[in-house]
Amino acid sequence: MESFTITPGRPLRGTIVVPGDKSITHRAIILTALANGVSRIARYCRGEDCLNTMRALQALGVRMDESADELCVHGKGLWGLTEPSGPIDCGNSGTGIRLLTGLLAGQDFFTVLTGDESIRRRPMGRIVKPLREMGASIAGRKGGELAPLAVTGSRLRAITYTSPVASAQIKSALLLAALFAEGTSRITEPRLSRDHTERMFQFFGIGLTRDETTLLVEGRPSVGWNGVPQLVVPGDFSAAAFFIVGATIVPGSDVTIQHVGINPTRTGLLDVMLRMGADIQLLNRREEAGEPVADIRVKSARLHGVAVGPELIPQTIDEFPVLCVAAAVAAGETVISGAEELRVKESDRIATISVELRAMGARITEQPDGMTVRGLGTTEKNGFLQAGHGRSHGDHRVAMSLAIAGLTALAPTVIDETACIATSFPVFQRTLLELLTERQ
Ligand code: S3P
């Protein structure tokens, strides 16, 4: 079992980069695989989740040449995928398994998709049900509610579907299936979830019309799209989030994170932290592969609690574990509501982060749809947590959030089960150490 120790007492200082965005990397791999000709994906995320999607496309007959900072994809065109000889293992990745199921529903071959123990617990009915409405033939445990999923490719028809959940994974699975379906699909979600698939469709020139939270996609386009000489993946805002919170709560910190994606469907944490009193600047704004990018500079600041309601959930969804760390040391109360989706992530994040932070002295109580955090801070300064012995529950974002919590503890904190960090941010520990050892 891997673990590491966080020794507090030093500020975070310096300039870093974070891995390429995990969500964008999944989509870049899939859409370049379906393109005509070769594409190069620069600064892609080399976390296990994305490597599993890369291996899946390789198993579907797409050649990919990997180097440390560039992935060269030899696209096979819209109809060029071939039947894999064995089951596809998506590892820990909800995005991987759901997007691939959408992609494979309309092929003319058979595939089995599975993943690790966490993936085999997560809800798949949310994509299986609408895909079956399109004519897909998908079998799975509990009637298709749970993976493994066995997909017998079928001739799909377009769908008009309103998703009950604001989920980019549902939306993207259906958008990919819609490409192979007869007719025009119309997909609506209750609030706008991350829109990387839509932006990347537009980047490749794939026909898609947006009308607020409704998307229209023409199936079976008569001409496909071409590969691109270079697609540069922005740094992952969800990886940057750990240092945004860390630099804010550790006194004397000053950190710049370069080349980070600041797509507004992802940056709810910035809005919440600014309302809490954080000192965050966005510098050098630019655009990369149809996505807004900036350098983010963060200095330490005193925080106070705020309310985070349902309207802010989709754009903050992956940042709640680390936001709870900020709330735990802030002055006053933070109330997070409308966030029941957190219960079906890599772990039940409402339960896991509450249990773990409480063990470090945080005053945090679970609600069915969120949590209430009574911060330890005063109006003069942020509070301190107690040293602890944390456990990730196999969830990468819980592991990294506990590491950030440990930075404000009064003595070293040990975090167990940290191997899962490699799913999204294999160099997390090294990046954190860089900031802690920068010459003061
Ligand atoms: C993701 C969408 C989100 C997010 C996940 C990545 C994506 O999940 O939590 O980490 O890449 O589409 P939902 O779409 O289920 O909310």
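Residues numbered from 1 in each chain as written. Predicted model: local features only at pLDDT ≥ 70, side-chain atom pairs only at ≥ 80, totals over all residues. Heavy atoms only, no water.

### Some points on the site of the ligand
All residues adjacent to the ligand are Ser23, Arg27, Thr95, Ser167, Ala168, Gln169, Arg194, Ile317, Asp318 and Lys345. Between the ligand and glutamine 169, the relevant distance is 2.9 Å, taken from an oxygen atom to a main-chain nitrogen or oxygen of the residue. Coverage of the ligand by the protein chains reaches 96% of its 390 Å² of free accessible surface. Using a 2 Å cut-off from the grid points, one finds that the ligand occupies the largest pocket. Of all the elements in the fold, those that place two or more residues in the shell around the ligand are helix H1 (22–33) and helix H6 (168–179). In terms of residue class, the shell around the ligand is built from two nonpolar, four polar and four charged. Lining the shell around the ligand are residues from two domains, each supplying at least three of them: domain 1 (3–20 + 234–437) and domain 2 (22–229). (Near = heavy atom within 4 Å. Polar contact = N/O pair within 3.5 Å; in protein donor to acceptor, adjacent residues only side chain to side chain. Areas by Shrake-Rupley, 256 points an atom, 1.4 Å probe, with all protein chains shown as cover. 1 Å grid on protein atoms, 1.4 Å probe; cavity = no way out; pocket = protein on both sides within 12 Å on 5 of 7 lines; lining within 4 Å. Sits in = over half its atoms within 2 Å of the grid points. Helix = DSSP H or I, 4+ residues; strand = E, 2+ residues; numbered from the N terminus. Nonpolar A, V, L, I, M, F, W, Y, C, P; charged D, E, K, R; others polar. Domains from an automatic or database assignment.)

### Re the domain arrangement of the chain
When its domains are assigned, the chain resolves into domain 1 (3–20 + 234–437) and domain 2 (22–229). In this structure, domain 1 and domain 2 have C-alpha centres spaced 29 Å apart. Summing both sides of the interface, domain 1 and domain 2 together bury roughly 2300 Å²; the carbon and sulfur share of this comes to 50%. It is Thr265, Glu346 and Thr423 in domain 1 that bury the most area against domain 2; as a group they hold 22% of the surface buried on that side. Across the domain 1-domain 2 interface, the total number found is three salt bridges. Taking the shortest distance from any N to any O, the salt bridge between arginine 122 and glutamate 346 comes out at 3.9 Å. Applying the counting criterion to the domain 1 and domain 2 interface returns 15 residue pairs in polar contact (both at pLDDT 80 or more). Among the secondary structure elements, those contributing two or more residues to the side of domain 1 that touches domain 2 are strand E19 (291–299) and helix H12 (396–406). Of the residues contributing to the side of domain 1 that touches domain 2, the split by class is 10 nonpolar, eight polar and nine charged. (Buried area = accessible area lost by both parts, 1.4 Å probe. Salt bridge = Lys/Arg side-chain N within 4 Å of Asp/Glu carboxyl O.)

### A closer look at helix H10 (residues 320–329)
Among the 10 residues of H10, 10 are classified as buried, and the element is accordingly described as predominantly covered. Among the residues of H10, Phe320, Pro321, Val322, Leu323, Cys324, Val325, Ala326, Ala327, Ala328 and Val329 are the ones counted as buried. (Buried < 20%, exposed > 50% of the residue type's maximum accessible area, 1.4 Å probe, protein only.)

### Topic: the sheet that holds strand E8 (residues 137–140)
Across the sheet, four strands lie side by side as E6-E7-E9-E8; this open sheet has mixed pairing. Edge positions in the sheet fall to strand E6 (88–89) and E8, since each has one partner strand and no second. Relative to strand E9 (residues 146–152), E8 is paired through four bridges, and the arrangement is antiparallel. The partner of isoleucine 138 across the bridge, within E9, is valine 151. Strand contacts of helix H3 (residues 94–105): E6, strand E7 (110–114), E8 and E9, with the helix running at about 170° to E7, the strand carrying the most contacts. (Pairing = 2+ DSSP bridges. Contact = heavy atoms within 4.5 Å. Axes fitted to C-alpha atoms, helices over the stretch in contact; angles between N-to-C directions.)

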